[in-house]
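# Structural overview
What follows is each chain in one-letter form.
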Amino acid sequence: MSGESGLKSYKVVTHGCQMNVHDSERLSGLLEEAGYVKAGPEGDPDLVVFNTCAVRENADNKLYGNLGQLAPVKGRHKGMQIAVGGCLAQKDRDTIVQRAPWVDVVFGTHNIGHLPALLERAAIERKAQVEILESLETFPSTLPTRRESAYAAWVSISVGCNNTCTFCIVPALRGKEEDRRPGDVLAEIEALVDEGVIEVTLLGQNVNAYGSDLGDREAFSKLLRAAGQVEGLERIRFTSPHPRDFTDDVITAMAETPAVMHQLHMPLQSGSDRVLKAMRRSYRQERFLGIIRKVREAMPDAAISTDIIVGFPGETEEDFEETMHVVREARFTNAFTFQYSKRPGTPAAEMADQVPKEVVQARYDRLIALQEEISWEENKKQVGRTLEILVAEGEGKKDDQTRRLSGRAPDNRLVHFSKPEEPVRPGDMVTVEITYAAPHHLLAEGPVLAVRRTRAGDAWEKRQAKPAAKPAAGGSTGVMLGLPSIGAPAALPLAAPAGGACCGD
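Residues numbered from 1 in each chain as written. Predicted model: local features only at pLDDT ≥ 70, side-chain atom pairs only at ≥ 80, totals over all residues. Heavy atoms only, no water.

Pairing between the strands of a sheet comes from backbone hydrogen bonds, and it takes one of two forms, parallel or antiparallel. The 7 strands lie next to each other as E19-E20-E17-E16-E15-E18-E21, forming an open sheet whose pairing is mixed. Both outer strands of the open sheet, strand E19 (436–437) and strand E21 (450–452), are each paired with one neighbouring strand and no more. Note that strand E16 (residues 404–408) and strand E17 (residues 414–418) share 5 bridges and pair antiparallel. By the bridge assignment for E17, Gly407 is matched with Val415. (Pairing = 2+ DSSP bridges. Helix = DSSP H or I, 4+ residues; strand = E, 2+ residues; numbered from the N terminus.)

Moving on: helix H9 (residues 248–256). Inspection of H9 places Asp249, Val250, Ile251, Ala253 and Met254 among the buried residues, and these make up the whole buried set. Considering only its buried residues, H9 is in contact with helix H8 (219–227), strand E11 (235–239), strand E12 (263–265) and helix H11 (285–298). (Buried < 20%, exposed > 50% of the residue type's maximum accessible area, 1.4 Å probe, protein only. Contact = heavy atoms within 4.5 Å.)

As for its position among the elements, Gln382 is in the loop between helix H13 (357–380) and strand E15 (386–391). Residue Gln382 is classed as buried on the basis of its relative accessible area, which comes to 7%. Beyond its immediate sequence surroundings of up to four residues, Gln382 is in contact with Leu387, Asp411, Arg413, Ile434 and Leu442.

Below, the discussion takes up the packing of aromatic side chains. Under the criterion given, the structure shown has 4 aromatic pairs. Seen in terms of ring centroids, Phe288 and Phe332 are 6.2 Å apart; in terms of plane orientation they differ by 65 degrees. Their pairing is edge-to-face. Of this pair, Phe288 sits in helix H11 while Phe332 sits in the loop between helix H12 (317–330) and strand E14 (334–339), and the two are 44 residues apart along the sequence. Residue Phe288 is classed as buried on the basis of its relative accessible area, which comes to 1%. An angle of 75 degrees between the planes, with centres 5.5 Å apart, marks the rings of Phe312 and Tyr340 as edge-to-face. Placement of the pair is Phe312 in the loop between strand E13 (303–310) and H12 and Tyr340 in the loop between E14 and H13, with a sequence separation of 28 residues. Accessibility classification places Phe312 together with Tyr340 in one group, the buried group. By way of ring pairs, the aromatic residues Tyr283, Phe288 and Phe332 are connected into one cluster. Sitting over the face of the ring of Tyr64, Arg99 holds its NZ or CZ atom 3.8 Å from the ring centroid. Lying over the aromatic face of Trp376, Lys380 brings its terminal NZ or CZ to 4.5 Å of the ring centre. (Phe/Tyr/Trp six-rings, centres within 6.5 Å; stacked < 30°, edge-to-face > 60°. Lys NZ or Arg CZ within 6 Å of the ring centre and 35° of its normal.)

Structure follows, in structure tokens:
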């Protein structure tokens, strides 16, 4: 509820992919610039914003279930407002207000910067405001941003997608690819590093197609090298690439730029050439495995993850066995695996030969069992290695009980380690020896070998000591936690693949 200062409180609920998570940072920044304060755990916020996803078949059920729960809350909370944005809002438009007339604002993926004005107009006119634009007005990175962490940041380099995958509705909702100028991207990275950030993830729906809008086929590899020259930036990641656009110059840039981590998320979707053709994926099994071989030749220690869809319409047992073959050959560190579900509005939803649920489930279980075995075997190879871990906040759910801390290895593996006697903060670095491997995490049970205090740790400590500053346009008040998490492939916190920017491109 409104605090003692009289400022209205807000809560942003995010469904979907990393692009949505980053958009929610901007929504929070816009609201705080407009005078709202982030709601605490107690009481009902004055404003609830749903940033939605349209990728999964049941996305609308999830949204309307949440809206239904809020209807009585709004009835007893005078002046409360509810806004719905994101991909589902872009797709359904007026339908949302028809099904949930207590919603105050509906806005799309191209006009998130209009939210404060739409809220004010809804309050004055006492009627719902629905505003959906068909194209991007300004690149979202120019908007205020409220970031939640002091050490790791998303940096968007493009929006939209030029692919036409038959299972994905994102291009219709996000539009054609639009690239940011390299100088603008680097300026944002430099500003983040000045604040204490030491790790960034370059983000795009098809991140390595960067440059197609600029007329430079090697723009992405050049951007990786240039970002690697930013003083103080220690780790660079990117997500999510597309095999079609993954060129040799990118592999070389990864191998030759020390700050670029030897970690790659490469969506497979299917190992069957026939299914890939039906999906309109512009590569085949041989091309995909060729990329994996080249990456491992250049970076033998690379950790490679993927996205896989099981049960795409028309998938036969022979098709599925081709996927299993690729999994055995590629030896992914982990795989985010999904049972095919109809995405309303996509060509695949109307295809014949939808695979029976029981068949999909049986194949899914077999794939999960194989990947679990491979993930464990690959993690066991880490035992005995000495690694520098970036201490994270909130990564270890059992850290309090086990008296451990958690963080990420350079290749993004999750590592739990014994709490050292010397105080360490999120954003600091510790050196540990890996003593045990599980399928989805590593343990360092011995004493910490070294602690390196960092500017990121200083920034985290400073933030704990005082309230966050008001966000500035194009700037931040810290950094969004989190890179794609390494966890059980079947259980993801968000609706879209954890390793992909949207729908596992």
